[in-house]
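# Observations on chain architecture
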Amino acid sequence: MTAVYCFSGSGHSRAVAEYFAKRLNVDILNIGEKPVAQKMICRTAIVVFPVYCQNIPEPVKSFLPCLKAEYIVFIATYGKMWHGNVLWEAAKAACGKVIAGAYIPIGHTYLRGNAEFPKEGLSAIIERIEAPRLAVIPKSSKNIFADFFPAWRSRLSVKITRNKDCNECGLCAERCPMQAIHSGKIKCNCIRCLRCVNLCPRAALEFKLRPILKKYLSKNREESLKVYL
Ligand SMILES: Cc1cc2nc3c(=O)[nH]c(=O)nc-3n(C[C@H](O)[C@H](O)[C@H](O)COP(=O)(O)O)c2cc1C
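Let us look at the structure shown here. Being a predicted model, the structure only gives us computed values, none of them experimental. (Residues numbered from 1 in each chain as written. Predicted model: local features only at pLDDT ≥ 70, side-chain atom pairs only at ≥ 80, totals over all residues. Heavy atoms only, no water.)

## Quick look at helix 4 (residues 123-130)
Every buried residue of helix 4 is listed here: Ile125, Ile126, Arg128 and Ile129. All buried residues of helix 4 project into a common sector of 160 degrees when viewed along the axis, lining one side. Across from the buried face of helix 4, at angles greater than 90 degrees, the exposed residues are Glu127 and Glu130. Buried-residue contacts for helix 4 involve strand 1 (2-6), helix 1 (12-24), strand 3 (41-50), strand 4 (68-78), strand 5 (98-105) and strand 10 (226-228). (Buried < 20%, exposed > 50% of the residue type's maximum accessible area, 1.4 Å probe, protein only. Helix = DSSP H or I, 4+ residues; strand = E, 2+ residues; numbered from the N terminus. Arc of directions from axis to C-beta. Contact = heavy atoms within 4.5 Å.)

The following block contains the structure:
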């Protein structure tokens, strides 16, 4: 049996997970939400997640050691800046079970980019699931500062504020993948995934980018889909 696992802050990785779930006719299990715990054994697991600060997001890092599958496919979505080395790092954590991997360029959360992504080339991954064989995931470059306090960097460069429309319904706290919202306040373990901003039914949460991040996001970009088999 194949299972699609997904972590998604602003819904982009979710759109990619939906593509695979639809093609394989299976449901999506959300990483960081409780029902996943009972369903973590499958033959092939497709794990879809975003690149955050050229790293694997914290909820995915803590999920990987619990994943029991004979074969694993890792799909990393990235906002056309740079994907770092996350597939290689995920494959290392999965100890030789990886049969395919892909870096998928998609809209950047902080630029409010859309969830359109290139699909040509992804059929090869479906075929590989049907006839599994171990893949070679090459090591790619990573910014030398990427491992130093990624959560702090996001925190300093993205400010989230609450406006007068908040009615304290608590949905943001309930759905935060880091349990970082308490009594309307954002704690220091927030990874700035913006799930809270995107799901608020009253648009009561807003975010602002600091000039340094704005400048960084206006740089030249990397836009290619890379599939490894
Ligand atoms: C905290 C954070 C850090 C990010 N870091 C990177 C990055 O290093 N390189 C990049 O290309 N995109 C980066 N992005 C953009 C996301 O990888 C991209 O928009 C992704 O598809 C978001 O997926 P999601 O909506 O499922 O969370 C970052 C986004 C966030 C929220």
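Here the narrative resumes, following the displayed structure.
## Remarks on a positive patch on the surface
A contiguous patch of positive charge, built from Lys159, Lys208, Arg210 and Lys214, is present on the exposed surface. Looking at the secondary structure, you find Lys208 in strand 9 (residues 205-209). (Patch = residues over 30% accessible without salt bridge, like charges linked within 9 Å, V, L, I, M, F, W, Y side chains within 5 Å. Areas by Shrake-Rupley, 256 points an atom, 1.4 Å probe, with all protein chains shown as cover. Salt bridge = Lys/Arg side-chain N within 4 Å of Asp/Glu carboxyl O. Lys, Arg positive; Asp, Glu negative; His and termini not counted. Charge placed at Lys NZ, Arg CZ, Asp CG, Glu CD.)

## Describing the site of the ligand
Taken together, 25 residues are adjacent to the ligand, and Ser8, Ser10, Ser13, Val51 and Cys53 come closest. One nitrogen or oxygen atom from the main chain of Gly79 is found 2.9 Å from a nitrogen atom belonging to the ligand. His108 is positioned such that a nitrogen or oxygen atom in its side chain is 3.1 Å from a nitrogen atom of the ligand. Here the ligand loses 97% of its free accessible area of 630 Å² to cover by the protein chains. Sorting the residues of the shell around the ligand by element identifies helix 1 and strand 4 as the ones contributing at least two each. Here the residues of the shell around the ligand sort into 10 nonpolar, 13 polar and two charged. (Near = heavy atom within 4 Å. Polar contact = N/O pair within 3.5 Å; in protein donor to acceptor, adjacent residues only side chain to side chain. Nonpolar A, V, L, I, M, F, W, Y, C, P; charged D, E, K, R; others polar.)

## As for the packing of helix 1 against helix 4
Between two packed helices, what matters for the description is the angle formed by their axes and the separation of those axes. Two numbers describe how helix 1 lies on helix 4: the axes approach to 11 Å, and their chain directions differ by 50 degrees. Here helix 1 lies oblique to helix 4, going by the angle between them. Here helix 1 runs over helix 4; the crossing is right-handed. For the pair helix 1 and helix 4, the contacting residues are Tyr19, Phe20, Arg23 and Leu24 in the first and Ser123, Ile125, Ile126 and Ile129 in the second. (Axes fitted to C-alpha atoms, helices over the stretch in contact; angles between N-to-C directions. Parallel < 35°, antiparallel > 145°, perpendicular 65-115°, else oblique. Left-handed = near helix turned anticlockwise from the far one by under 90°.)

## What about the packing of aromatic side chains?
According to the stated counting rule, one finds eight aromatic pairs in the structure shown. Taking the centre distance of 6.2 Å and the plane angle of 80 degrees together, the rings of Phe7 and Tyr52 count as edge-to-face. Of this pair, Phe7 sits in the loop between strand 1 and helix 1 while Tyr52 sits in the loop between strand 3 and helix 2 (58-63), and the two are 45 residues apart along the sequence. Classification of Phe7 as buried rests on a relative accessible area of 0%. We classify Tyr52 as buried; its relative accessible area is 16%. Ring centres of Phe49 and Phe74 lie 6.4 Å apart, and the angle between their planes is 75 degrees; on these two criteria the pair is classed as edge-to-face. Placement of Phe49 in strand 3 and of Phe74 in strand 4 is noted, with a sequence separation of 25 residues between them. (Phe/Tyr/Trp six-rings, centres within 6.5 Å; stacked < 30°, edge-to-face > 60°.)

## Notes on the pattern of salt bridges
The final tally for this structure, using the stated rule, is seven salt bridges. Among the salt bridges present, the one from Glu89 reaches Lys142, with a minimum N-O distance of 2.8 Å. With Glu89 in helix 3 (residues 86-93) and Lys142 in the loop between helix 4 and helix 5 (150-157), the pair connects residues that are 53 residues apart, well separated along the chain. On the basis of relative accessible area, Glu89 is assigned to the partly exposed category, the value being 22%. Beyond isolated ion pairs, a larger network of salt bridges with shared partners links Glu89, Lys142 and Asp147.

## Focus: the sheet that holds strand 3
With mixed pairing, six strands are arranged side by side in an open sheet as 2-1-3-4-5-10. Of all strands in the sheet, those with a lone pairing partner are strand 2 (28-30) and strand 10, marking the two edges. Averaged over all neighbouring strand pairs, the angle between strand axes comes to 20 degrees, with direction disregarded. Note that strand 5 and strand 10 share three bridges and pair antiparallel. In the sheet register, Tyr103 faces strand 10, and the bridge partner there is Lys226. Against the sheet, helix 3 engages strand 3, strand 4, strand 5 and strand 10, with an angle of about 155 degrees to strand 5. (Pairing = 2+ DSSP bridges.)

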